[in-house]
Amino acid sequence: MKKFVFLLAALIAGFSHPLYAAELKASLNQNQIVQGEAVTLTLSYDGAQTNEQPNFAPLDKDFNIFSVSNAYQHNYINGKISQKREWKVQLMPKASGNITIPALALGSLKSQPLSLEVLPASPENIKKQNEQNAQAANAPRYAVEAEIDTKTPYVQQEVNLTLKIYDTGGLQIERIVPLVNDENSWVIQSLGEPELETVKIGGQDVRVINIKMALFPQKSGELDVPEIAVEGYYLSQSNNDPMQKIFDSFGAFRISALDPDLADIFATKNVVSLRTDPMKISVKPVPVAAQGGWWVPAESLELYSEWKPNPPKFKVGEAITRNIYIKAVGVMDTQLPNINFTDSGALKQYPEKPLSEVKIENGKIVSYRLISNVYIPSKSGNVTIPEVSVKWFNVKTQQLETSSLPAMSVSVEANPSALPQEEEIVEKPRISAPTTAAVNDTPAKNASVANEQPDWRVAALTAFGAGLFLGVLIFAFFRAKKNYQQSGESLKNFDKAVIKYAKEKDLKNLRDSLIAWAKETYPNAEISNLNDVAANFADMIFKAELDKLSSCLYGKENLIWDNSGFLSAFENIHKKKPHSSHKGEKPLPELYKK
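Residues numbered from 1 in each chain as written. Predicted model: local features only at pLDDT ≥ 70, side-chain atom pairs only at ≥ 80, totals over all residues. Heavy atoms only, no water.

Description of the overall build of the protein
- Looking only at helices and strands, the protein has 11 helices and 29 strands in total.
- The buried share of the protein, reckoned over its 594 residues, is 37%.
- In the protein, the proportion of contacts linking residues at least 24 apart, taken out of those at least 6 apart, comes to 71%. (Helix = DSSP H or I, 4+ residues; strand = E, 2+ residues; numbered from the N terminus. Buried < 20%, exposed > 50% of the residue type's maximum accessible area, 1.4 Å probe, protein only. Contact = heavy atoms within 4.5 Å.)

What to know about the sheet that holds strand β12 (residues 172-179)
- Read from one edge of the open sheet, three strands run β12-β17-β18, paired in antiparallel fashion. Where the open sheet ends on each side, the last strands, each with one partner, are β12 and β18 (268-275). Between one strand axis and the next, the sheet turns by 15° as a mean value, whatever way the strands run.
- As paired elements, strand β17 (residues 227-236) and β18 share eight bridges and run antiparallel to each other. Residue L235 lies in a different strand from β18, and its bridge partner there is K269. (Pairing = 2+ DSSP bridges. Axes fitted to C-alpha atoms, helices over the stretch in contact; angles between N-to-C directions.)

Details of the pairing of strand β27 (residues 388-394)
- In terms of burial, β27 is a largely internal element, five of the seven residues being buried.
- Sheet topology note: the strand β20 (residues 297-298)/β27 ladder contains two bridges and is parallel. Residue A298 lies in a different strand from β27, and its bridge partner there is N394.
- Bridge analysis of β27 against strand β28 (residues 399-405) gives seven bridges, and the strand direction is antiparallel.

A look at the packing of aromatic side chains
- This model, assessed by the stated rule, comprises 15 aromatic pairs.
- Seen in terms of ring centroids, Y154 and F393 are 5.0 Å apart; in terms of plane orientation they differ by 70°. Their pairing is edge-to-face. With Y154 in the loop between β10 (142-148) and β11 (159-167) and F393 in strand β27, this pair connects stretches of sequence that are 239 residues apart. Each member of the pair, Y154 together with F393, is buried.
- Measuring from ring centre to ring centre gives 6.2 Å for W517 and F542, while their planes differ by 80°; the resulting arrangement is edge-to-face. Placement of W517 in helix α8 (residues 507-521) and of F542 in helix α10 (residues 540-554) is noted, with a sequence separation of 25 residues between them. Grouping residues by exposure puts W517 and F542 together as buried.
- Clustering of aromatic rings is evident, with ring pairs tying together W517, Y522, F537, F542, F566 and F570.
- Geometry around Y154 places K284 over its ring, the cationic atom sitting 4.2 Å from the centre.
- Lying over the aromatic face of Y368, K359 brings its terminal NZ or CZ to 5.3 Å of the ring centre. (Phe/Tyr/Trp six-rings, centres within 6.5 Å; stacked < 30°, edge-to-face > 60°. Lys NZ or Arg CZ within 6 Å of the ring centre and 35° of its normal.)

What to know about the nonpolar core
- If you look at the biggest cluster of nonpolar residues, it comprises 29 residues, and the most contacted ones within it are L161, L163, I165, L215 and L274.
- Counting only elements with at least two residues in this core, the list comes to β10, β11, β15 (204-217), β16 (221-225), β17, β18 and β19 (279-283).
- Counting residues in each nonpolar core, the second largest holds 27 residues, with L336, L347, V383 and V388 among its members. (Core = buried A, V, L, I, M, F, W, Y, C linked by side-chain atoms within 4.5 Å.)

Things to note about the pattern of salt bridges
- Evaluation of the coordinates by the stated rule reveals 14 salt bridges.
- Its salt-bridge partner being K219, residue D182 comes within 2.8 Å of it at the nearest N-O pair. Placement of the pair is D182 in the loop between β12 and β13 (186-190) and K219 in the loop between β15 and β16, with a sequence separation of 37 residues.
- Given the relative accessible area of 36%, K219 is considered partly exposed.
- Among the salt bridges present, the one from E227 reaches R275, with a minimum N-O distance of 3.9 Å. Taken together, the residues span a long stretch of sequence, with E227 in strand β17 and R275 in strand β18 at a distance of 48 residues.
- One network of salt bridges, in which partners are shared, links E299, K364 and K396. (Salt bridge = Lys/Arg side-chain N within 4 Å of Asp/Glu carboxyl O.)

Here's the deal with unusual backbone geometry
- The omega torsion of the bond from K308 to P309 falls at 0°, within 30 degrees of zero and hence cis.
- With omega at 0°, the peptide bond leading from N310 into P311 counts as cis.
- Checked against the element boundaries, P311 lands in the loop between β21 (300-308) and β22 (320-329).
- The residue Q156 is not glycine, and still its phi comes out positive at about 70°.
- Mapped onto the secondary structure, Q156 falls in the loop between β10 and β11.
- If you check the backbone angles, N362 has positive phi at about 55° while not being a glycine.
- When its relative accessible area of 81% is taken as the criterion, N362 is described as exposed.

A closer look at α8
- Between its first and last C-alpha, α8 extends 21 Å over 15 residues, near the 21 Å set by a 1.5 Å rise per residue.
- Restricting attention to buried positions, one finds in α8 the residues L507, L510, S513, L514, I515, A516, W517 and A518. (Expected span 1.5 Å × (residues − 1).)

A look at the sheet that holds β28
- Strand order in the open sheet formed by three strands is β20-β27-β28, and the pairing between neighbours is mixed. Where the open sheet ends on each side, the last strands, each with one partner, are β20 and β28.

Re the confidence of the model for the protein
- In the predicted model, the protein carries a mean pLDDT of 76, and the fraction of residues at 70 or more is 70%.
- Element-level mean pLDDT values for the protein span from 32 in helix α5 (residues 436-439) up to 97 in β20.
- Across residues 134-139, where pLDDT falls below 50, the model places two contacts with residues more than four positions away in sequence or in other chains.
- Within the model, the stretch residues 419-454 combines pLDDT values under 50 with 17 contacts to residues more than four positions away or in other chains. (pLDDT = per-residue confidence, 0-100.)

Thoughts on the environment of D60
- The residue D60 is located in the loop between β3 (39-48) and β4 (63-77) in this model.
- Residue D60 is classed as partly exposed on the basis of its relative accessible area of 41%.
- Expressed as a C-alpha distance, the spacing of D60 and P93, which sit 33 residues apart in the sequence, is 9.7 Å.
- Those residues within four positions of D60 in sequence are excluded, and the remaining contacts are I65 and K94.

Shown next as structure tokens:
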């Protein structure tokens, strides 16, 4: 009887719990793609409940894995749980050709291997794929190619690369990356915004995105042109999308027509990764004739200048600023040379630190350099301003050329108000007290008056006046001493303010602090602007720096002020006694001493 009960229980259990044959299957959404397009591998599991995960490591050999998503479904039948799981893997082939997707394992289960054909990326293969695939409109194809304008440039010469991206629809570009193996071999600069055009390929309109770059080879010899990687995606929607069915039931448009961010919620993001074909160029070295100097391989280079004030009026001891510009087409700003100013005995020159800028003009790199040079004549008469020249190599004519600003003769006026040099400053003679001999020159007829006895009332009035004068003098002395001490503290504060605003390059506050500082230094002088500040100091370098500051404050151009020269000149002012037209003045005159 017991054996019968056990047998009956086993039969009931067998009928109520079907035996599940677990399986693992693999499939591809496409069996043929163009290189740069992603393919979706779907791995499906049906069987008993499990927490194991597939091993995707075998895919790393031939693919880049961009994303892995998974979904699952549980079934509860007769008290038993079964499970369906699905993994979607977006794969980007590393190369073109026929690729085998190996069997993948999930525990003891294995999927079947799959074959994938990857065509090289080209407009021709786009056409081929569109002709073979009736769903081409729903499965767009993409390609990329690059062109360069010269294959035999000189070292550091601009090479223009045009990147063409072919888009049959919906490509969203996330980034474009030049792949450089040796960072010391190339300098790469963008040449502006992309340009769009539409071309016909196989009877289909294809959008072409043109992106231009400037490449500067830094070494001679045979070099690999950097390959350009284009990474992005396009969105696709499943026909089984439940949200789309809701929209369709109301006769609404497709979700993809909505805002892309909203469409991204319901659509599948398909990764696109493209890369240009390898190219090589032969880079020529610096010509022998150009060796030994500054190497500037440009399409054109010109010099021009402007004076401040314009026209310039030269006077002895007064600063005149000349802005000299270099404009070169086809080179970066770091390739522009510095200008060596020729010495002139009649002119002192104070060139500023150069300022550089790069612009894109007519699809070319154009570099500018500004050098501000301050000239201060040291003598009157006819003075020659030396020539300014720059040598460069013309890549069009392949000849060494020189651009220059010719020497010019100017007339320098004498300037009686110009401050002399420190060694030429002479102390004014002080007026001394009258000598005894001078007193004795009084006519003899007045001698009897000096021997008369003074009236007592006159003596008393004289004593009272002397006492009152002495009291006022003592009060003035202590009050002036107090003011002098306060002035010294104020002067220290103004010193700090000048240095603070100079370091911060706050030019307006620097100007106000300089004027306040100069007023404290020379309280008896009329100082209301930077010219008045300069007039009270004999230091020519400091005056030149004040002139540069004025140019930045009041000039038409937005110049960048270099504070290092000013701070050095201001520091030197404190290391020596200030010289001015008020030399010898003190906050309180000395009491007369016999």
